[in-house]
Amino acid sequence: MALQVLKGIVFDPTHRNTVKERGELDALVQANTWMFGENFHITLAETGLTRIMDRVSQEIGTKRGKKRVTKGNGKVGRVDSFLGRIVPHPNQAHREFLLIELKRPSLTIGRKELDQLEDYVNAIKAQPEYNDTSNTWTFYLVTGEYDDTVKGRITQSGRPVGLFIEQGGVTVWVKTWSQIVRDCEARLHFIADKLQVEVSGEEIESRIAQLKSSILKTASKGQADPEGMQTS
């Protein structure tokens, strides 16, 4: 069902042009983190970089004090989703962390959004919790489309399309929502085919309507903490 809802949002012009990142797309991804992999035991929704590094510090058993994590311009950065998991590795303390920044399907990103993503990467790499471990970090920027400037930086010879940075335990990807859908379908195989048959258009529209109404419910609860965090 979730994949069908995502396809409805991405490909149906009615929803593609109106869906929002916060309260809608992020809610869908947060409830279906399998879209970016399996077995995540850390899930933080719409949270600041300071909260992220606090959670990483807790995970690896260190103390980081009360230092705020900011971007190069001194501003506090926020990401839509932060995920963490334990994977088979010779080092039992090894972890994989994912930061996901979502943009609405109707948006064509350019240098500004790419620079923002790189600011997040540099802010994380400047932290001792990053430098003192062999953990790996993957960043995703997911959008509707990207302009020629971005295309030139993520379509380099000898590298997979979408790969922006790969160095020092950090991998940074730029992907379109259409690519995310295709990647999910490739992983699900026959399950995706079965869902296409069994899920009706009415059910998909109902789920999209629920997502759109969720942002109103969230707003009615009042202001969130500036570095708000949810965990599971």
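Look a little higher up for the structure.
In this text, all values refer to a predicted model and were calculated from it rather than measured experimentally. (Residues numbered from 1 in each chain as written. Predicted model: local features only at pLDDT ≥ 70, side-chain atom pairs only at ≥ 80, totals over all residues. Heavy atoms only, no water.)

A. Fine view of the sheet that holds strand β7 (residues 163-167). Read from one edge to the other, the open sheet built from six strands follows the order β1-β2-β3-β5-β8-β7, with strand pairing classed as mixed. The open sheet has two edge strands with one neighbour each: β1 (40-48) and β7. Each strand axis lies, on average, 15 degrees off the axis of its neighbour in the sheet, ignoring direction. Of the pairings in the sheet, the one linking β1 to strand β2 (residues 78-86) comprises seven bridges and is antiparallel in character. Residue pairing in the sheet places Thr47 in a bridge with Val79 of β2. Against the sheet, helix α4 (residues 49-60) touches β1, β2, β3 (95-102) and β5 (136-143), its axis set at about 155 degrees to β1. (Pairing = 2+ DSSP bridges. Helix = DSSP H or I, 4+ residues; strand = E, 2+ residues; numbered from the N terminus. Axes fitted to C-alpha atoms, helices over the stretch in contact; angles between N-to-C directions. Contact = heavy atoms within 4.5 Å.)

B. Quick peek at unusual backbone geometry. One non-glycine residue, Asn39, lies in the positive phi region at around 65 degrees. Locating Asn39 in the fold gives a position in the loop between α3 (21-31) and β1. Classification of Asn39 by relative accessible area gives exposed; the value is 64%. Although it is not a glycine, Glu46 sits at a positive phi angle of roughly 40 degrees. Mapped onto the secondary structure, Glu46 falls in strand β1. (Buried < 20%, exposed > 50% of the residue type's maximum accessible area, 1.4 Å probe, protein only.)

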